[in-house]
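# Overview (structure and organization)
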Amino acid sequence: MAKTKYVFVTGGVTSSLGKGIISASLGRLLQARGYRVTIQKLDPYINVDPGTLNPYEHGECYVTDDGAETDLDLGHYERFLDIQTSQANNVTTGRIYQTVINKERRGDYLGKTVQVIPHITDEIKRRILLLGKKENFDIIITEIGGTVGDIESLPYIETVRQLRWDLGPENTVFIHLTLVPFLSSSGELKTKPTQHSVKVLLENGIQPDVLVLRTEHELDRDLRKKVALFCNVGLEAVIQSIDVSTIYEVPLLMQEEKLDVTVLRHLKMPAGGVPDMMGWKQIVDRLKNSREVVKIALVGKYVELHDSYKSILESLFHAGAANNVKVTVDCIHSETITIENLERELEGFQGIVVAPGFGDRGIEGKILAVNYAREKKVPFFGICLGLQCAIIEFARNRLGYGDAHSTEMNNYTKHPVIDLMEEQKGITEKGGTMRLGGYTCLLKTGSRVQKAYNTDRVRERHRHRYEFNNEYLEEFTNNGMIASGINPESGLVEIMELQNHPWFIGTQFHPEYRSTVLNPHPLFVNFIRAAINYRQR
Ligand code: GLN
């Protein structure tokens, strides 16, 4: 087995510079050269996982097939690399401390004082190396969340410093991502923040090998030389990352900047030839240049922060590229939708998506949006809570159960068309206890979803506690709302679709977690096709 090599990615100056995208882009380039690559994210916060976090904090919670609730960067890794990540790809400080404290309680430390160094750092190290032991990867990219200089990232920085010593310089590379701000008053790009940020890393014992500079303007050779000289790196190791219109262009820019070649040289791995990015280029070309526009409304309640619906937005864009159209998405706040403004808010869209969510805030606006899509025959896609809203709407307005609701929102409804799953009833702890991860779904022969997937059996990822109440199934079916996807073991309804409507589908699972650039999700592709047809009509 070849030895796994490690790329460590840190960030400086500010947060949100796009370490995840740079890591994913590098991963994609290395993979396109034939290397087996995966990416891991270390998050310095104390939550054990982001499952209990409000989406306003760090954006959406991404779910892996093995049921881990993870940082949204894992979504980028999967979308760029077309791989599956797992629980081992996301580690938080909370999980590290939890493991160490449990060991201490068991008496595993044999009377020793338990300390950040070496016990916490050793546990971080174990988690980093664990991924390489699971599968035969050539290269693992490890992204360290936060910004260097933060108190909470220190144990991670110390750990990767030690790992260079443990594994050797030819098996490790440090990439540091910083910002080169442009001061409009003097018309200058400034390198000082980068120099300071590298100094902070040096104080912590790390000399970065490669610097990726995020910038709004082209960096000339003199500026690159200055950065190289003051930060002790070669000129070829100063990489420009300029703002672009789509994140999927970043791998192509990194290829031009030879980030992959520089990294491979450090790792003493063959770097001849060019990565095969033909298919990728075609998709980027479509994303940028498709003329025809399809307008989609995304109805949700976390719309102030676009990262809350990251995977859904990206899936819609992938599906646009697959259909050779440009998809534009307007996020509409469900709390602002009322009977009075419903028509005004939703007219002019060729498709309506009702988003996942929790709790009753904004729920009536979502139900109104479903009603509009159903009656006006606008293509409709309901995801998780979006499906549940479609079921409530149908029960109220089509079956005549005016008080129909989910028991999540109203425990006293006479018509609980959505109810807590049986196995959820005794659960009191919130963290990691939903129905999570991949489950099989059998598709009804001849249904729209079966045709869209072009198969009878799929595996999709879940994150919910409530489900369709099967006591109502017959009535729904008799009235044209059919269960076209069922879990074979539990009989839980996974997909509902409305007949006599151009495209009205709701899924209890989250298809958005499985859409990748090279493999756009069939339901999203089919939905956008329906939106194109709707417009043409
Ligand atoms: N709140 C709903 C449930 O728990 C839907 C969850 C979701 O949309 N992810 O079942």
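These numbers were taken from a predicted model, which means no experiment stands behind them. (Residues numbered from 1 in each chain as written. Predicted model: local features only at pLDDT ≥ 70, side-chain atom pairs only at ≥ 80, totals over all residues. Heavy atoms only, no water.)

### Thoughts on the overall build of the protein
Going by this rule: Helix and strand definitions here come from DSSP, where helices need a minimum of 4 consecutive H or I residues and strands a minimum of 2 consecutive E residues; each element is numbered from the N-terminal end. Throughout, radius of gyration means the C-alpha value; the globule benchmark is 2.2 Å times the number of residues raised to the power 0.38. Here's how the labels work: a residue is buried when its accessible area is under 20% of the maximum for its type, exposed when over 50%, partly exposed in between, all with a 1.4 Å probe on protein chains only. Here, two residues are considered to be in contact whenever any of their heavy atoms come within 4.5 Å of each other. Only the protein chains shown count as cover for residues, with accessible areas throughout obtained via the Shrake-Rupley method and a probe of 1.4 Å. His is not counted, nor are the chain ends, whereas Lys and Arg count as positive and Asp and Glu as negative. Where a charge lies is defined by one atom per residue type, namely NZ (Lys), CZ (Arg), CG (Asp) and CD (Glu).
Check the secondary structure of the protein and you find 18 helices and 23 strands. Taken over C-alpha atoms, the radius of gyration comes to 25 Å for the protein, in line with the 24 Å a tight globule of 537 residues would show. Each of the three principal axes of the protein carries a C-alpha extent, and together these read 75 × 65 × 45 Å. Expressed as a percentage of the 537 residues in the protein, the buried residues total 60%. Long-range pairs, those at least 24 residues apart, make up 73% of the contacts in the protein with a sequence separation of at least 6. Summed over its atoms, the accessible surface of the protein is roughly 22400 Å², and 49% of this surface lies on carbon and sulfur atoms. A gap of 4 Å separates the mean positions of the 63 positive and 68 negative side-chain charges of the protein.

### Some words on the site of the ligand
Convention followed: Note on definitions. A residue lies near a molecule or strand when any single heavy atom of the residue is within 4 Å of it. Under this definition, polar contacts are N or O atom pairs within 3.5 Å; protein pairs additionally need one hydrogen-donor-capable and one acceptor-capable atom, and for neighbouring residues in sequence, both atoms have to be side-chain atoms. Note on residue classes: Ala, Val, Leu, Ile, Met, Phe, Trp, Tyr, Cys and Pro are nonpolar, Asp, Glu, Lys and Arg are charged, and everything else, Gly too, is polar.
In the vicinity of the ligand, the contacting residues are Pro356, Gly357, Phe358, Cys384, Leu385, Gln388, Glu408, Arg463, His464, Arg465, Tyr466 and His510. In this structure, an oxygen atom belonging to the ligand sits 2.9 Å away from a main-chain N or O atom of Tyr466. Of all elements in the fold, only α15 (385-397) and β19 (457-464) reach the threshold of two or more residues within the shell around the ligand. Split by residue class, the shell around the ligand holds five nonpolar, four polar and three charged.

### Details of the sheet that holds strand β17 (residues 416-420)
One key point about sheets: their strands pair by backbone hydrogen bonds, in either a parallel or an antiparallel sense. Filter applied, for reference: Here, a strand pair is defined by DSSP locating no fewer than two bridges between the strands. Comment: axis = line fitted to C-alpha atoms, over the contacting stretch for helices; angle = value between 0 and 180 degrees taken between N-to-C directions.
Read across the open sheet, the three strands follow the order β16-β17-β20; overall the sheet is mixed. Every other strand in the sheet has two partners, leaving β16 (405-406) and β20 (466-468) as the edge strands with one partner each. Taken together, the two bridges between β16 and β17 define a ladder with parallel strand orientation. For Ser406, the partnering residue across the bridge sits in β17 and is Ile418. Across the face of the sheet, α15 comes into contact with β16, β17 and β20 while running at roughly 150° to β17.

### Considering the sheet that holds strand β7 (residues 172-179)
An order of β5-β2-β6-β1-β7-β10-β11 is seen for the seven strands of this open sheet, with the pairing classed as parallel. Each end of this open sheet is capped by a strand with a single partner; those strands are β5 (90-92) and β11 (238-242). Within the sheet, the average angular offset between the axes of one strand and its neighbour, ignoring direction, is 20°. Summarising the sheet, strand β1 (residues 5-11) and β7 pair through six bridges and their orientation is parallel. Considered in β7, the bridge of Phe8 is made with Phe174. Docked against the sheet, helix α7 (residues 192-203) engages β1, β7 and β10 (210-215), running at close to 145° with respect to β7.

### Focus: the pattern of salt bridges
Note the cut-off: Salt-bridge detection follows one rule: a side-chain nitrogen of Lys or Arg within 4 Å of a carboxyl oxygen of Asp or Glu.
In the structure shown here, the tally under the stated rule is 31 salt bridges. Of the charged contacts in the structure, one is a salt bridge between Arg36 and Glu135, with a shortest N-O distance of 2.9 Å. A residue pair is termed long-range when its members are at least 10 positions apart, and Arg36 in the loop between α1 (19-32) and β2 (37-43) and Glu135 in the loop between α5 (116-134) and β6 (139-144) qualify at 99 residues. Classification of Arg36 by relative accessible area gives partly exposed; the value is 39%. According to the relative accessible area criterion, Glu135 is partly exposed, its value standing at 39%. Between Arg463 and Glu69 there is a salt bridge, with its nearest N and O atoms 2.7 Å apart. Here Glu69 lies in strand β4 (residues 69-70) and Arg463 lies in strand β19, a separation of 394 residues in the sequence. Exposure class is identical for Arg463 and Glu69. Each is buried. If you follow the salt bridges from partner to partner, you end up with Lys41, Asp43, Asp71, Asp73 and Glu143 in one network.

### Examining the packing of α1 against helix α10 (residues 259-266)
Spelled out, the test is: Should an angle fall under 35 degrees it is called roughly parallel, over 145 degrees roughly antiparallel, and 65 to 115 degrees roughly perpendicular, with every other angle called oblique.
Running from N to C, α1 and α10 cross one another at 75°; their axes reach a closest spacing of 9 Å. With respect to α10, the element α1 is oriented roughly perpendicular. Contact with α1, carried on its side by Ile22, Leu26, Leu29 and Leu30, involves Leu259, Asp260, Val263 and Leu264 of α10 and no other residues of that element. Grouping the constituent residues of the contact of α1 with α10 by class yields seven nonpolar, no polar and one charged.

### Focus: the pairing of strand β12 (residues 293-300)
How we decide: Here is how to tell: hold the view so the strands point away, follow the path from the first strand over the helix to the second, and if it runs clockwise the crossover is right-handed.
With six of eight residues buried, β12 lies mostly within the body of the structure. Here eight bridges tie β12 to strand β13 (residues 326-333), and the two strands are oriented parallel to one another. Residue Val293 lies in a different strand from β13, and its bridge partner there is Lys326. Each parallel crossover has a hand, and for β12 linked through helix α12 (residues 310-322) to β13 it is right-handed. Of the pairings in the sheet, the one linking β12 to strand β14 (residues 351-354) comprises four bridges and is parallel in character. Residue pairing for β14: Leu298 is matched across the bridge by Val353.

### Description of the packing of α12 against helix α18 (residues 522-536)
What counts, and what does not: Note on convention: near helix rotated counterclockwise from far helix by under a right angle means a left-handed crossing. Clockwise means right-handed.
One way to put it is that α12 packs onto α18 with a least axis distance of 8 Å and a crossing angle of 65°. Where α12 crosses over α18, the handedness of that crossing is right-handed. Residues Ile312, Ser315, Leu316, Ala319, Gly320 and Ala322 of α12 form the contact with α18, whose participating residues are Phe524, Val525, Phe527 and Ile528. Residue classes in the contact of α12 with α18 are distributed as eight nonpolar, two polar and no charged.

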